[in-house]
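Architecture and fold: a report
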Amino acid sequence: MTPQAAMVPFTLRSAPADVPSSPPGVGVYGYYEGPHGPAYIGSTDGGLVTRAWGPHLPDTRLDFGRSGRLDGKRHTSFVDAVALAAGSETGEAVRLHGAVFSRRRRGIVITVGSRSYPYRRSGYVNSRLERKDGTPVARPGAASGAGTIAEAADVIDLAVFLVMFYAVPVPE
């Protein structure tokens, strides 16, 4: 049985035209409203790096984007680790080896500093970020854009969720 957490709503939508303090060279395409927000999501390096930032969020980057990997390696299924940084914390995102036949182990494991999160598919069209014990951290909403995030989630949890959600397609 999956542990439960108190969840609060948030909204994801297209970025407004007047994004404040966008990092140089970033194409902004997402906007988050909710706890620890507002936050913005975008990409650099021709769509090879996904970034998240905001007044309360550390500058966060995943060296993977809608156009592939920054290091030029083949990106299918995250077999090779992808670099991730949230503020001064560094880490990676990598698919677990040998997890093909175990639904519980399927997904991408993210490490940032001393934290570790599974990022996995939830149902047919959604994804979710969890703690190691299975407690949900954040889940995007359906077409409405309304999702939920754990009340106990902090700015690192939020930043990791945002870059993963915007960079990694659900079937990945």
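Attention in this report is confined to the structure presented alongside it.

Criteria and thresholds
- Residues numbered from 1 in each chain as written.
- Predicted model: local features only at pLDDT ≥ 70, side-chain atom pairs only at ≥ 80, totals over all residues.
- Heavy atoms only, no water.
- Helix = DSSP H or I, 4+ residues; strand = E, 2+ residues; numbered from the N terminus.
- Buried < 20%, exposed > 50% of the residue type's maximum accessible area, 1.4 Å probe, protein only.
- Contact = heavy atoms within 4.5 Å.
- Areas by Shrake-Rupley, 256 points an atom, 1.4 Å probe, with all protein chains shown as cover.
- Salt bridge = Lys/Arg side-chain N within 4 Å of Asp/Glu carboxyl O.
- Expected span 1.5 Å × (residues − 1).
- Phe/Tyr/Trp six-rings, centres within 6.5 Å; stacked < 30°, edge-to-face > 60°.

1. What about the overall build of the protein chain?
- What the protein chain contains, in helices and strands, is one helix and 14 strands.
- Here the protein chain holds 172 residues, and the buried ones make up 46% of them.
- Within the protein chain, residue pairs in contact and separated by at least 24 positions form 40% of the contacts whose partners lie at least 6 positions apart.
- Just so you have it, the protein chain exposes about 8,400 Å², and 54% of that area is on carbon and sulfur atoms.

2. Digging into the pattern of salt bridges
- The tally for this structure, following the rule as stated, stands at nine salt bridges.
- Between E33 and R13 there is a salt bridge, with the nearest N and O atoms lying 2.9 Å from each other. Of this pair, E33 sits in strand 2 (residues 27–33) while R13 is found in strand 1 (residues 7–14), placing the two residues 20 residues apart along the sequence.
- Assessed through its relative accessible area of 32%, E33 is described here as partly exposed.
- A residue is classified by how much of its surface remains accessible, and R13, at 43% relative accessible area, is partly exposed.
- What emerges from the salt-bridge pattern is a single network uniting R115, R131, D154 and D157.

3. Here we look at helix 1 (residues 155–167)
- The first and last C-alpha atoms of helix 1 sit 18 Å apart over 13 residues, in line with the 18 Å expected at 1.5 Å per residue.
- Within helix 1, eleven of the 13 residues are buried, leaving the element largely enclosed by the surrounding structure.

4. A few points about the side chain of T135
- Of note, T135 is situated in the loop between strand 12 (126–130) and strand 13 (136–139).
- The buried category is assigned to T135, whose relative accessible area is 13%.

5. Some details on the packing of aromatic side chains
- For the structure on display, the rule yields seven aromatic pairs.
- Between the aromatic rings of F10 and Y32, the centroid separation amounts to 5.3 Å while the plane-to-plane angle is 40°, which identifies the pairing as tilted. Placement of F10 in strand 1 and of Y32 in strand 2 is noted, with a sequence separation of 22 residues between them.
- On the numbers, 5.4 Å between centres and 85° between planes, the contact of F165 with Y166 is edge-to-face.
- The class of F165 is partly exposed, set by a relative accessible area of 25%.

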